[in-house]
Amino acid sequence: MSLEGQENQSDTSHNKSPLLSDPWKPCRQHRAVVKELLLKLRCCLGTVCGIEWYGYAALGILTAILSFLMDLSVAKLLRAHQWLYTMLEGNVLLQFLCWTLYPACICAIASSFSHNICPFSTGSGIPEVRTMLAGFEMPHYLSLTNLFSKFLGLICTLAAGSTVFLGKVGPFVHLSTMVGGYLSNLCTLIQRDKKEKAAGQMLVVSAGVGVASCFGAPIGGVLFSVEVMSSHFALRHYCPCFFSAACGALTFRLLAVWGGDGETLQALFRTNFPDALPFYPLEILLFAFLGLLCGAVSCCYLFCHRWILRFTKTNPVFAKMLTTEKALYSGMVVFFLASLTFPHFAGHYMASKYTMKELLTSFLDSRQWTSQSHNTSEQLQPLLEWSSSGTSVYFSLVFFLLMKMWMLVLACTLPLPAGYFMPVFIYGAAIGRLIGEGAAYLSSTGVTPGQQWASVNPGGYALAGAAAFSGAVTHTLSPVLVAIELTGQFTHAVPILLATLLANALSRSGQRPSFYDALSISKRLPHLPSLKKASPQLPSTPVGQVAVKSVLLQKAAGPVEAEQAVRTSTEMQIPVVDSYGERTNLLECLNHLPHSSSLSTSSLCCCSHKKNAHSILSLLGSQTLFVADEGKLVGLITWPEKEDTAEPNQT
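Only a predicted model underlies this, so the values are computations on that prediction, with no experimental measurement involved.

Scanning the protein chain for helices and strands turns up 26 helices and five strands. Each of the 651 residues in the protein chain was classed as buried or not, and the buried ones make up 52%. Long-range pairs, those at least 24 residues apart, make up 75% of the contacts in the protein chain with a sequence separation of at least 6.

Where helix α3 (residues 51-87) contacts helix α10 (residues 238-258), the two axes come as close as 8 Å, and the packing angle between them is 35 degrees. For α3 against α10, the interelement crossing comes out right-handed. Counting all contacts with α3, which are made through Trp53, Tyr56, Ala57, Leu59, Gly60, Ile61, Ala64, Ile65, Ser67, Phe68 and Asp71, the residues of α10 involved are Cys239, Pro240, Phe243, Ser244, Cys247, Gly248, Thr251, Phe252, Leu255 and Ala256. In the contact of α3 with α10, the residues fall into 15 nonpolar, five polar and one charged.

Under the 1.5 Å per step criterion, the end-to-end length of helix α9 (residues 218-229) is 16 Å for twelve residues, consistent within 8% with the ideal 16 Å. If you check which residues of α9 are buried, you get Pro218, Gly220, Gly221, Val222, Phe224, Ser225, Val226, Val228 and Met229.

This paragraph deals with unusual backbone geometry. Excluding glycine, residues mostly carry a negative phi; peptide bonds, for their part, are mostly trans. You will see that Phe165, though not glycine, has its phi angle at about 60 degrees, which is positive. Within the secondary structure, Phe165 is located in the loop between α6 (144-159) and α7 (169-190). With a phi angle near 60 degrees, His475 is a residue other than glycine that sits in the positive phi range. Here His475 is to be found in the loop between α19 (458-474) and α20 (479-487). You can call His475 buried: its relative accessible area is 6%.

Further remarks concern the pattern of salt bridges. Under the definition given, this model contains five salt bridges. A salt bridge links Glu128 to Lys523; the shortest N-O distance between them is 3.0 Å. Within this pair, whereas Glu128 is found in helix α5 (residues 126-133), its partner Lys523 is found in the loop between α22 (515-522) and α23 (531-534), the two being separated by 395 residues in sequence. For the salt bridge of Glu437 with Arg433, the shortest nitrogen-to-oxygen distance reads 2.7 Å. Residue Glu437 and its partner Arg433 are located together in helix α18 (residues 421-445), separated by four residues, close to a single helical turn. You'll find Glu437 and Arg433 in the same group, each marked buried.

Below, the discussion takes up a nonpolar patch on the surface. On the surface, Ile61, Leu62, Ile65, Leu69 and Leu72 cluster together into a nonpolar patch covering about 370 Å² of accessible area. Secondary-structure assignment places Leu72 in helix α3. Look at Leu72 and you get partly exposed, because its relative accessible area is 38%.

Tracing the sequence through the fold places Ser339 in helix α13 (residues 326-340). Leaving out residues up to four positions away in the same chain, Ser339 has contacts with Phe96, Thr100 and Phe345.

Next up on the list: the layout of surface pockets. Any space left empty among the atoms is revealed by the rolling of a water-sized probe across them. By volume, the second largest pocket is sized at about 980 Å³. As for the second largest pocket, its lining consists of 28 residues, of which Asp71, Val74, Ala75, Leu78 and Lys357 are closest to the centre. Taken together, the elements giving at least two residues each to the lining of the second largest pocket come down to α3, α8 (195-215), α10 and α14 (356-363). Per-element tally for the lining of the second largest pocket: the top contributor is α3, with eight residues. Tallied by class, the residues present in the lining of the second largest pocket amount to 16 nonpolar, five polar and seven charged.

A few words now on the nonpolar core. The biggest cluster of nonpolar side chains holds 136 residues, and the ones touching the most others in it are Phe215, Tyr301 and Phe363. Here this core spans two domains, since at least three of its residues come from each of domain 2 (51-258) and domain 3 (283-522). Every residue in contact with Phe363, bar those within four places of it in the chain, is listed here: Trp369, Trp386, Leu397, Phe400, Ile426, Ala429, Ala430, Arg433, Gly459 and Ala462. In terms of nonpolar packing, the next biggest core, distinct from the first, is built from five residues, Tyr85, Trp99, Ala338 and Phe342 among them.

Right, let's talk about the state of the cysteines for a bit. With the rule as written, the count across this model stands at zero disulfides. Looking at Cys239, it has no disulfide partner, and the nearest cysteine sulfur is the one in Cys241, 9.5 Å off. Take Cys304: it sits in no disulfide, and the sulfur closest to it among the cysteines is that of Cys300, at 4.3 Å.

Moving on, we come to the confidence of the model for the protein chain. Confidence in the prediction of the protein chain, expressed as mean pLDDT, is 76, and 68% of residues score 70 or more. Per-residue pLDDT stays below 50 along residues 582-609; that stretch engages in 69 contacts with residues further than four places along the chain or on separate chains. This stretch, residues 645-651, has a pLDDT under 50; its non-local contacts, to residues over four places away or in other chains, come to 16 contacts.

Cut-off values and rules
Residues numbered from 1 in each chain as written. Predicted model: local features only at pLDDT ≥ 70, side-chain atom pairs only at ≥ 80, totals over all residues. Heavy atoms only, no water. Helix = DSSP H or I, 4+ residues; strand = E, 2+ residues; numbered from the N terminus. Buried < 20%, exposed > 50% of the residue type's maximum accessible area, 1.4 Å probe, protein only. Contact = heavy atoms within 4.5 Å. Axes fitted to C-alpha atoms, helices over the stretch in contact; angles between N-to-C directions. Left-handed = near helix turned anticlockwise from the far one by under 90°. Nonpolar A, V, L, I, M, F, W, Y, C, P; charged D, E, K, R; others polar. Expected span 1.5 Å × (residues − 1). Salt bridge = Lys/Arg side-chain N within 4 Å of Asp/Glu carboxyl O. Patch = residues over 30% accessible without salt bridge, like charges linked within 9 Å, V, L, I, M, F, W, Y side chains within 5 Å. Areas by Shrake-Rupley, 256 points an atom, 1.4 Å probe, with all protein chains shown as cover. 1 Å grid on protein atoms, 1.4 Å probe; cavity = no way out; pocket = protein on both sides within 12 Å on 5 of 7 lines; lining within 4 Å. Points joined across faces, edges and corners; volume = space filled by probe spheres on them. Core = buried A, V, L, I, M, F, W, Y, C linked by side-chain atoms within 4.5 Å. Domains from an automatic or database assignment. Disulfide = S-S within 2.5 Å. pLDDT = per-residue confidence, 0-100.

Have a look at this one:
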């Protein structure tokens, strides 16, 4: 026994040796050298700036690389589809099958792929990102599986082209957030004392980088994330957001230059608007009318979008297909949409052969289509596509607007990764192009009073319409900067801003939710809308009228009273107070009792009206607010109860 004890003691001392603690790991000395070099590198990098700033730069660069690879893959798939369609010239039946089955099959694959690998990858992703930024933990939406399935599914969706008429902004914001989540974990390994700060700030920065990497628009991307993602934006996030967005936009444009798309850094959609006289002073009235028109059309679009969301959830056939037969539903809907856009059918009047990028480029053309239609000496490619059979340009534009309205609403129900910002941006450009062509026609015929307008630019109206309609749909003003950065046209900044302001005013007048608010409500995600949208009388409502009476527990209470409080309370948190009538101290939680979860300290609300409680919940990301009256606890307000007071008025 003594020999065994000595052997055990020697084995124990042998195992405790720092040099031989793990004898089975190979290359211990080399790993120690590498670790030492990494530590020195961290110290050197830390002397220049904080480690998190390298994470922000890496976030922008990685997101831009993903965006470039996605665009490159989609362009090759679209060219393959166009090549196959052209090779079948002369056989209408085979061309019809090629035009319809290709997008139908590829969208069915995207839907099936997303549903089987990661069901969380469908949809836009912006409502989920908003929920995470509000303080809710949703780890499944930041998983590597979700990143993989959303990336491939979005490539398939975009490869369907203008037939489906969907974009990539929303899903790419989600992809950027996933990349930011992994980079934040890396930063927390390096900075152990700044875990919470690094993780939360990296997610906020990721939202702006996604838009900047899609369009090469860093300023508009950051402001879009500020307006859409959260109701309160901390000033300390501005510098990291702009820095990371600038890195992403610069990398995205450099990759495009190295890929052969241009000789230097330039706007994504190059335009040739005149600089000497961009617009006449009286044209401001037309831009104002365009803004009001875009606001009215956006109200109709948002109403149809909310209706289709309710219909797909209440109709048993659609609800069952969207639950169990997602691939079949996607294939059927896309086949139907592709049949309507077939170039030998209704697509003949909608320029259906154009891709999404080509559609926007044609709308932004500064030349007047109506004046060129009588000039046979000059071949104008957009005019040839929009009036190929001798039909009027106005008829084609009106037909495009009427058809794409309900087709886009129907496409929003597809259970696959898809973005909804770029479609409404292009739709607004079509509205502006119609108004611009009308103004150009009136100027060319001399109908305008006084001096004839010789150089009306329809492309300027298209740019203003794109910003106004997309801003009205999302209830934001950042599309103004996105439009300017996309084209580099600062000459139309004032009319674009005027049109967007008027469109927003008309769209918000009904106190209805925006596009992304409607998605959050439909998905039942935790969401705090504006109190004025929810109910005009709520901001002045005393907090005590909506606070729920909670069970209290004194500090001097014994185990029996504590167990009884846990059993009788329906809340996840129980406040611990000094006494029932004196000032409360909400610093303890019940985590040692059976049938109870870990309870953390929440915010104490000393406000008098519900508007203040709304601000605290939005700013701090707290899940519960305890309401006190002169130091005496009177109740609590939770996030779901806050939503219940708002949702009934937003449907």
